[in-house]
Amino acid sequence: MTGKIFKGKVFLLVTGASQGIGRKIAEVLGSTLESGSLVLLLARNAENLKGTADNMPKTLAVEYRSVDLSKATAEELRSIIDGALVKDSGADAASKFDEIVVVHNVGSIGDVTKFAVDMTDFDYWRQYYDLNVFSPAVLNGVFMNVFKGKNIKRHVINITSACGIQPFNSMGYYCSGKAAREMYFKVFAKENPDVNVLNYSPGPVDTEMLDTVTDNIVDPTTKEIFKDLKENERVLTTDQTVKKFLDILSSKKYESGDHVDYYDEL
Ligand SMILES: NC(=O)c1ccc[n+]([C@@H]2O[C@H](COP(=O)([O-])OP(=O)(O)OC[C@H]3O[C@@H](n4cnc5c(N)ncnc54)[C@H](OP(=O)(O)O)[C@@H]3O)[C@@H](O)[C@H]2O)c1
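What you see is a predicted model; the values in this text were computed from it and never measured. (Residues numbered from 1 in each chain as written. Predicted model: local features only at pLDDT ≥ 70, side-chain atom pairs only at ≥ 80, totals over all residues. Heavy atoms only, no water.)

Looking only at helices and strands, the protein features eight helices and seven strands. What you see for the protein is a C-alpha radius of gyration of 18 Å, in line with the 18 Å of a compact globule of 266 residues. Overall, the C-alpha framework of the protein stretches about 55 × 40 × 40 Å when taken along its three principal axes. Across the 266 residues of the protein, 50% fall into the buried class. Partitioning the contacts of the protein with sequence separation of at least 6, the portion at a separation of at least 24 is 75%. Here the protein displays about 12,400 Å² of accessible surface, and carbon together with sulfur accounts for 51% of that area. (Helix = DSSP H or I, 4+ residues; strand = E, 2+ residues; numbered from the N terminus. Rg over C-alpha atoms; globule rule 2.2 N^0.38 Å. Buried < 20%, exposed > 50% of the residue type's maximum accessible area, 1.4 Å probe, protein only. Contact = heavy atoms within 4.5 Å. Areas by Shrake-Rupley, 256 points an atom, 1.4 Å probe, with all protein chains shown as cover.)

Quick look at the packing of helix H1 (residues 20–30) against helix H2 (residues 46–54) now. Between H1 and H2, whose axes approach to 9 Å, the crossing angle comes to 30°. Considered as vectors, H1 and H2 are oriented roughly parallel to each other. Where H1 crosses over H2, the handedness of that crossing is right-handed. Of the residues in H2, those touching H1 at Arg23, Ala26 and Glu27 are Asn48, Gly51 and Thr52. Across the contact of H1 with H2, the residue classes tally to one nonpolar, three polar and two charged. (Axes fitted to C-alpha atoms, helices over the stretch in contact; angles between N-to-C directions. Parallel < 35°, antiparallel > 145°, perpendicular 65-115°, else oblique. Left-handed = near helix turned anticlockwise from the far one by under 90°. Nonpolar A, V, L, I, M, F, W, Y, C, P; charged D, E, K, R; others polar.)

Turning to the site of the ligand, a few remarks are in order. Lining the immediate surroundings of the ligand are 29 residues, of which Arg44, Asn105, Tyr174, Val205 and Thr207 lie closest. In this structure, Asn45 approaches the ligand through a main-chain N or O atom, which is 2.9 Å from an oxygen atom. Thr207 is positioned with one of its side-chain polar atoms (N or O) 2.5 Å from an oxygen atom of the ligand. Taking 880 Å² as the accessible area of the ligand by itself, protein coverage stands at 92%. Residue assignment for the shell around the ligand shows that the elements contributing at least two residues are H1, helix H5 (172–191) and helix H6 (208–216). Of the residues forming the shell around the ligand, the biggest block, three residues, is contributed by H6. Looking at side-chain class alone, the shell around the ligand contains 14 nonpolar, 11 polar and four charged residues. (Near = heavy atom within 4 Å. Polar contact = N/O pair within 3.5 Å; in protein donor to acceptor, adjacent residues only side chain to side chain.)

Grouped together as the largest cluster of nonpolar side chains are 35 residues, with contacts concentrated most on Leu12, Leu29, Leu41, Val103, Leu198, Phe245 and Leu249. Those elements giving two or more residues to this core turn out to be strand E1 (10–15), H1, strand E2 (38–43), H2, strand E4 (99–104), strand E5 (153–159), strand E6 (195–201) and helix H8 (238–251). When neighbours within four sequence positions are excluded, Leu249 is seen to be in contact with Ile5, Phe6, Leu29, Ile157, Asn196, Leu198 and Tyr254. In this structure, Leu69, Leu77, Ala84 and Val142 belong to the second largest nonpolar core, which totals 33 residues. (Core = buried A, V, L, I, M, F, W, Y, C linked by side-chain atoms within 4.5 Å.)

Turning our eyes to something else, we now look at unusual backbone geometry. Its identity as a non-glycine residue notwithstanding, Glu233 has a phi of 50°, on the positive side. Tracing the sequence through the fold places Glu233 in the loop between helix H7 (220–231) and H8. The class for Glu233 is exposed, based on a relative accessible area of 71%. With a phi close to 50°, Lys252 is a non-glycine residue in the positive phi region.

Moving on to the pattern of salt bridges. It is possible for side chains bearing opposite charge to pair when their charged atoms get close. Here the structure, examined in full by the defined rule, presents 14 salt bridges. Between Lys87 and Glu63 there is a salt bridge; the shortest N-O distance is 3.4 Å. With Lys87 in helix H3 (residues 74–89) and Glu63 in strand E3 (residues 61–66), this pair connects stretches of sequence that are 24 residues apart. With a relative accessible area of 12%, Glu63 lands in the buried category. Through salt bridges with shared partners, a single network forms among Lys24, Glu27 and Asp239. (Salt bridge = Lys/Arg side-chain N within 4 Å of Asp/Glu carboxyl O.)

The space that makes up the second largest pocket amounts to roughly 160 Å³. Elements represented by at least two residues in the lining of the second largest pocket include exactly E5 and E6. Broken down by element, the residue count for the lining of the second largest pocket peaks at three residues, all from E5. Among the residues forming the lining of the second largest pocket, the class breakdown is three nonpolar, three polar and five charged. (1 Å grid on protein atoms, 1.4 Å probe; cavity = no way out; pocket = protein on both sides within 12 Å on 5 of 7 lines; lining within 4 Å. Points joined across faces, edges and corners; volume = space filled by probe spheres on them.)

Evaluation of the coordinates by the stated rule reveals 14 aromatic pairs. Pairing Trp125 with Tyr173 gives two aromatic rings, centres 4.7 Å apart and planes at 65°, and the pair type is edge-to-face. On the criterion of sequence distance, the pair formed by Trp125 in helix H4 (residues 122–146) and Tyr173 in helix H5 is long-range, its members being 48 residues apart. Of the aromatic side chains, those joined through ring pairs into one cluster are Tyr124, Trp125, Tyr128, Tyr129, Phe134 and Tyr173. In this structure, Lys244 is placed above the aromatic ring of Tyr262, and the distance from its NZ or CZ to the ring centre is 5.5 Å. (Phe/Tyr/Trp six-rings, centres within 6.5 Å; stacked < 30°, edge-to-face > 60°. Lys NZ or Arg CZ within 6 Å of the ring centre and 35° of its normal.)

Structural measurements only, silent on function.
Have a look at this one:
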């Protein structure tokens, strides 16, 4: 297993940690952490979150909370983080950590049965952006503010996509959401040169999300691209992409705020 990437006691928060890439990131990154570190896992499905927590080293304190991130307010997010910290080590818990890491992994694909011209429902747009753009941005601000003024190393990882920089037919919600979300993290990186920010694009990965796209996408050209990936065994496992993610983090060969893809040379 990969050696230490972060030093000392770490507070690691992973969103969308109940399955897929987020679960694997939590498990693999968790296995690199020093004992006594704290991990907070967020998603809706509590049973699956428990499954992730059960797979993590017993030397860590692992907390998980069922939360719909498309609906949670900044106050609710703050309360979840404070609750995990206090349960772990009391009132001044935020001072215990040497490094903090947040992985904004949560995501949904959106309605891939529509072309851009048919995306005319304001409510759907709002709902989609609530989860995929606004919630990572708000959580990021809340998380950073918990540790404001502390002499602590900060790492922010946004799980982005090639779809954030390249348009695909009938993926207007997903592509535009990924682009907006990534640009927020680029602005955040520019404003905060002391924070290590990585926009990691994991490649096509065998998860429920990929199945949803392949099954439902309405545009024939895009459908063919996804079918071809599957048929020619070019879909990655979560193990493969998370290993590369750790290699990228360890190599530190990127500029803070960069978009780094699975297929990029290190
Ligand atoms: N798979 C790919 O090929 C691929 C490629 C490029 C980028 N990505 C990105 O990688 C990230 C993870 O995707 P994945 O493929 O692992 O997808 P996934 O298997 O569908 O997992 C999505 C995660 O997000 C959580 N989630 C969804 N809606 C939520 C909500 N309203 N509130 C809280 N949590 C919610 C889900 O948990 P619950 O259902 O328990 O809430 C789950 O843990 C996403 O940002 C995705 O865009 C994936």
